[in-house]
Amino acid sequence: MSEEEKRKEQLVAPFYNQTEDEVLKEFNTSENGLSASEAQKRLSEYGPNALEEGKKKSTLQKFFEQFKDFMIIVLIAAAIISVIATGGEDFVDAIIILVVVFINAIMGVIQENKAEEAIESLKKMATPNANVIRDGHTQTISSTDLVPGDIVLLEAGDVVPADLRLTDSASLKIEEAALTGESVPSEKDTAVIPEKEVGIGDRANMAFSNSNVTYGRGKGIVVGTGMHTEVGKIAGMLNQADETETPLKTNLNQLGKFLTIAILIIAAIMFFVGIFMNDTPIIEMLLVSVSLAVAAIPEGLPAIVTIILALGTQVMAKRKAIIRKLPAVETLGSTDIICSDKTGTLTLNQMTVEKLYANNQMYDAKSEIVPDGETVRVMNFCNDTKVDPEGKLIGDPTETALVQYGMDHSYNVKAQLEKEPRIAEVPFDSERKLMSTLHRDGDKVFVAVKGAPDQLLNRCSKVQLDGKVVPMTDKEKEQILTTNSNLAKQALRVLAMAYKVIDEVPATLDSATVEHDLIFAGLVGMIDPERKEAAEAVRTAREAGIRPIMITGDHQETAEAIAGRLGIITPGDDAAVLTGAQLDEMSDADLAKNIEQYSVYARVSPEHKVRIVKAWQKDGKVVAMTGDGVNDAPSLKQADIGIGMGITGTEVSKGASDMVLADDNFATIIVAVEEGRKVFSNIQKAVQYLLAANLGEVLTMFIATMLGWDTLLPIHLLWINLVTDTFPAIALGMEPAEKGLMKRKPRGRKSNLFSGGVMSSIIYQGIVEGAATLFVYWSAIQWPDHTMANTSLSPSQLLTLQHQDALTMCFATLGLMQLFHAFNVKSVHQSLFKVGPFKNKAFNWAILASFTLLAVVILVPGLNTLFRVSNLDFYQWGIVLGASFAIIPVVEIVKFVQRRMGRV
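Residues numbered from 1 in each chain as written. Predicted model: local features only at pLDDT ≥ 70, side-chain atom pairs only at ≥ 80, totals over all residues. Heavy atoms only, no water.

A. Structural view of the packing of helix H30 (residues 758–782) against helix H36 (residues 887–900). For the pair H30 and H36, the least separation of the axes is 11 Å and the interaxial angle reads 150 degrees. The pairing of H30 with H36 is recorded here as roughly antiparallel in orientation. Note that H30 runs across H36; the crossing there is right-handed. For the pair H30 and H36, the contacting residues are Tyr764, Gln765, Val768 and Glu769 in the first and Ile887, Val890, Val891 and Val894 in the second. Tallied by class, the residues present in the contact of H30 with H36 amount to six nonpolar, one polar and one charged. (Axes fitted to C-alpha atoms, helices over the stretch in contact; angles between N-to-C directions. Helix = DSSP H or I, 4+ residues; strand = E, 2+ residues; numbered from the N terminus. Parallel < 35°, antiparallel > 145°, perpendicular 65-115°, else oblique. Left-handed = near helix turned anticlockwise from the far one by under 90°. Contact = heavy atoms within 4.5 Å. Nonpolar A, V, L, I, M, F, W, Y, C, P; charged D, E, K, R; others polar.)

Right, dumping it as structure tokens:
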């Protein structure tokens, strides 16, 4: 058998269906373990018990791959065009563009390393040592040296070093929350499971690599190592999961294609019209056309978008949402679906007593009233929880919940146990589902028993009511069983408490001698409760048009109850719940067809989670996935945005995520969604501002060239692009959120940067800018300020001066109009005066800085010569300012008409 075949055999063999002898035979091993020589031989065959590294690309490869992006190609073309347009004399614009390209490439390389970091985190989780039996002796070896067929010993506190088929289990409980999503440790046994298809959480005779032993001890045969453990499968899925393209990246690519096509069409039209209609020389017309193309490309847009996103990350970090990938900020704003893991995300991942039943009464655990009788005493005495020096409870989550209840209600268990120390016990086992402890109480012995209600009631002959012990009647027993059933329907884990007082410890300690003729004390109902803020967060999400989906490895009843309490589903609506077993029976096509029906998924595996995310994505939805366990990593990576948990999350889940919640608070996601929506809205404002300005420049040059006018020089276009574009556009990214932002429906995947009226605004506003600029140039030529009547210049000198005045007024008008227009784009449809023109201090300073830089080149001697502009008088400045400011009332009128027509 080849190495690959043996590896596949590890992966697919249904070991939970086989008996202990069959598994021993299959791996040619025995209870005495492998010999040292056989173990070494198998190690060379199967390889070390470690996660394999995927084939890594070199940093240089990753860097060059970034240049395949369409927008990057457009930017590089823009750099070449800018050099040609200036005749090779000015490289400033080209240098700026190439710096932006270089920064984008570096950021892309950094983001690509995230998957590798996730794999490294998985590797670090491996326990360093394992207790094995080899050559008939117990020895401790490195977990990486384990091979299939090894016999491994487990005890409380161990991390399971490989996937095992258990052959011995003594009250063994293993916490598998990171793998299955179940908050309660799984009880393990060795019995053969007859079903062929069984979920990870139901494989009671298996122990999985990297899970934690919380109670008891056990022994098992290694059946899977390295990449062929359940954790190894997840690592493989991380390598295979597709990186989905973010909506922002899609939008920027669309923008790049749109600009390129538009530029080529306009430049081609201009080139041929100039040659065939105006008899302009080909070289001259080519340079004019290229100059037009330079004006049409918003070179700073990617850098401005990056800066706006970075500013968003700073705001979100202050609000406990740590962004690991910049586009995640914007992606959150377009989220339609939030798929959330239950345990530790919507719930506390902490078993908590919620209800107590005693004396025929139900008590709320939050109440200060403690039931009379022995219920609280039994739940604290019959308990193996330890308290560390810092007061932290250590032990099984169910047992620590019982002790925590006592501590919360002023029951000093430590002092009580000092008075009534434990002198004997009958340990818990999964067959009888009971545990008993015996305590010295003066000259008597107090017996405390807890366990499954149905099992314990069969051993009770009496019941404690109002401080008295009375015989257990059928009516009493029926009432207790009904109460137990009602609590179970609320997804509470129910334990019964009973006791008795005897004269001495039996000579033989077992269930038969201790657990009989008991006095029923009460029932205790526990649950991993929902987070206090989660229900409000779910309500806010629904209000924002976002659908929350719960995906968990926990049982259907528990998932349904928590989802109902949170408002994810209507309480009792089991039609909205789908189990992993039912999901297995559905094809991907059926799942995609019926995906809208389900809001809760229970008993699911990592593969199921990825399928669910993909089904929603096929439906055109933008999907966010939250999670904290190892099992969440592939779906976190598959989702449009993966959200990890900073406190309880594993390094694997955090490494695969786009955003990490520093406070593990589900409500923080809604804060992040609001910030994401604000960021996208502000990016739209920057795009609207830049493209309307550039369209104005294009129309000015195109029409002027068609008319034979010499309006703007390349240096004017360059200066306007650098000065009036950058600062205001960045400042627009710092605009506060508009009112009602979280009342709108999600944009979804189909929307883009031009949605919501942005495209139409760009077109008409660009036309207004171009028309006003050309009108000022035309009026300056028609009615010049300098004439033969008021100057002594020669006709040729006068003509040059008049043209220079007109060119200067054209330059100043275009630049100032863009600055005034920046106020218009604070809202696509709302009035400037409603959103507040001066609320954004950064914006105010940006406008002032841009205005100063624009004015300096006109007013400062030497600079105006360099820019080939002239000094204007008050009359000329009045025309410039009037024409520039006109864009505000024009846009206000259009917005008013749009609102009245109900278009917004």
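B. Summary view of the side chain of Arg377. With respect to the secondary-structure elements, Arg377 resides in helix H15 (residues 375–381). Looking at Arg377, the relative accessible area reads 14%, which means it is buried. Other than its neighbours up to four places away in sequence, Arg377 contacts Tyr411, Glu420, Asp441 and Phe446. (Buried < 20%, exposed > 50% of the residue type's maximum accessible area, 1.4 Å probe, protein only.)

C. Examining the nonpolar core more closely. Counting residues in each nonpolar core, the largest one holds 130 residues, and the members touching the most others are Phe520, Met550, Ile568 and Met659. Of all the elements, helix H28 (residues 666–707) adds the most residues to this core, at 14 residues. Setting aside residues no more than four positions away along its own chain, Met659 makes contact with Met316, Ala321, Ile322, Ile323, Arg324, Leu332, Gly642, Ile643, Gly644 and Ala672. Grouped together as the second largest cluster of nonpolar side chains are 30 residues, Tyr215, Leu393, Val403 and Tyr499 included. (Core = buried A, V, L, I, M, F, W, Y, C linked by side-chain atoms within 4.5 Å.)

D. Layout of helix H33 (residues 841–859). The end-to-end C-alpha distance of H33 is 27 Å, a good match for the 27 Å that 19 residues give at a rise of 1.5 Å each. Where H33 is concerned, the buried positions are Phe843, Ala846, Ile847, Ser850, Leu854, Ala855, Val857 and Ile858. The arc that holds the buried residues of H33, viewed along the axis, is 160 degrees, so those residues lie on one side. In H33, the exposed positions that point more than 90 degrees away from the buried face belong to Lys841 and Trp845. Backbone nitrogen of Ala842 and a side-chain oxygen of the N-cap are separated by 3.1 Å at the start of H33; the cap is Asn840. (Expected span 1.5 Å × (residues − 1). Arc of directions from axis to C-beta. Polar contact = N/O pair within 3.5 Å; in protein donor to acceptor, adjacent residues only side chain to side chain.)

E. Seen up close, the sheet that holds strand S25 (residues 641–645). Strand order in the open sheet formed by eight strands is S8-S26-S25-S24-S9-S21-S23-S22, and the pairing between neighbours is mixed. Across the chains shown, the open sheet's two edge strands, defined by having one partner strand only, are strand S8 (321–323) and strand S22 (577–579). Strand-to-strand twist of the sheet, defined as the mean angle between neighbouring strand axes without regard to direction, takes the value 20 degrees. Bridge analysis of S25 against strand S26 (residues 659–661) gives three bridges, and the strand direction is parallel. Bridge pairing in S26 places Ile643 opposite Met659. (Pairing = 2+ DSSP bridges.)

F. Up close: the pairing of strand S11 (residues 361–364). Direction of pairing for strand S10 (residues 352–358) relative to S11: antiparallel, over a ladder of four bridges. Opposite Leu356, over in S11, you have Tyr363 as the bridge partner. The antiparallel pairing of S10 with S11 creates a hairpin that spans two residues between the two strands, and Asn359 there sits at a positive phi of about 55 degrees.

G. Expanded view of the confidence of the model for the protein chain. Chain-level statistics for the protein chain give a pLDDT mean of 82 and a share of 83% at 70 or above. Element-level pLDDT for the protein chain is lowest in helix H7 (residues 114–124), with a mean of 42, against a maximum mean of 96 in strand S16 (residues 444–451). The model gives residues 1–12 a pLDDT under 50, and that stretch makes 21 contacts with residues more than four places away or in other chains. Scored below 50 in pLDDT, residues 118–127 makes 28 contacts in the model with residues more than four places away or belonging to other chains. (pLDDT = per-residue confidence, 0-100.)

H. Region of interest: the packing of aromatic side chains. For the structure shown, the criterion picks out ten aromatic pairs. Ring geometry for Trp709 against Tyr777: centres 5.5 Å apart, planes inclined by 35 degrees, an arrangement best described as tilted. With Trp709 in the loop between H28 and helix H29 (714–732) and Tyr777 in helix H30, this residue pair connects regions lying 68 residues apart in the sequence. Its relative accessible area of 4% is what places Tyr777 among the buried residues. (Phe/Tyr/Trp six-rings, centres within 6.5 Å; stacked < 30°, edge-to-face > 60°.)

I. Representation of a nonpolar patch on the surface in the model. On the surface, Leu859, Val860, Leu863 and Leu866 cluster together into a nonpolar patch covering about 320 Å² of accessible area. Inspection of the secondary structure assignment puts Val860 in the loop between H33 and helix H34 (863–866). (Patch = residues over 30% accessible without salt bridge, like charges linked within 9 Å, V, L, I, M, F, W, Y side chains within 5 Å. Areas by Shrake-Rupley, 256 points an atom, 1.4 Å probe, with all protein chains shown as cover. Salt bridge = Lys/Arg side-chain N within 4 Å of Asp/Glu carboxyl O.)

J. The pattern of salt bridges, seen in detail. Considering all chains together, one arrives at 33 salt bridges under this definition. Linking Arg603 and Asp202 is a salt bridge whose minimum nitrogen-to-oxygen distance equals 2.1 Å. Pair noted here: Arg603 is in the loop between strand S23 (600–602) and helix H25 (606–618) and Asp202 is in the loop between strand S5 (186–187) and strand S6 (206–207), with a separation of 401 residues, a long-range link. Looking at Arg603, the relative accessible area reads 17%, which means it is buried.

K. Up close: the environment of Ile551. Mapped onto the elements of the fold, Ile551 is located in strand S21 (residues 547–551). Residues Ile551 and His608, spaced 57 residues apart in sequence, show a C-alpha to C-alpha distance of 9.2 Å. Setting aside its immediate chain neighbours within four residues, Ile551 contacts Cys339, Ser340, Asp341, Lys342, Tyr601, Val604, Lys609 and Ile612.

L. View of the pairing of strand S2 (residues 137–142). Two elements, strand S1 (residues 129–134) and S2, share six bridges in a ladder whose sense is antiparallel. Residue pairing in the sheet places Asn131 in a bridge with Thr140 of S2.

M. The side chain of Asp396, seen in detail. Structurally, the position occupied by Asp396 is in the loop between strand S13 (393–394) and helix H16 (397–408). Residue class for Asp396 comes out buried when judged on its relative accessible area of 3%. A polar contact of 2.9 Å, which involves the side chain of Asp396, links it to the backbone nitrogen of Thr398. With sequence-adjacent residues up to four places away left out, Asp396 is seen in contact with Lys173, Pro185 and Thr214.

N. Just the environment of Glu674, in detail. Tracing the sequence through the fold places Glu674 in helix H28. For the pair Glu674 and Met742, spaced 68 residues apart in sequence, the C-alpha separation works out to 6.5 Å.

O. Summary view of unusual backbone geometry. One non-glycine residue, Asn210, lies in positive phi territory at about 75 degrees. Mapped onto the secondary structure, Asn210 falls in the loop between S6 and strand S7 (212–224). For Asn210, a relative accessible area of 17% puts it in the buried group. Phi angles above zero are rare outside glycine, and Lys433 is one such case at about 60 degrees.

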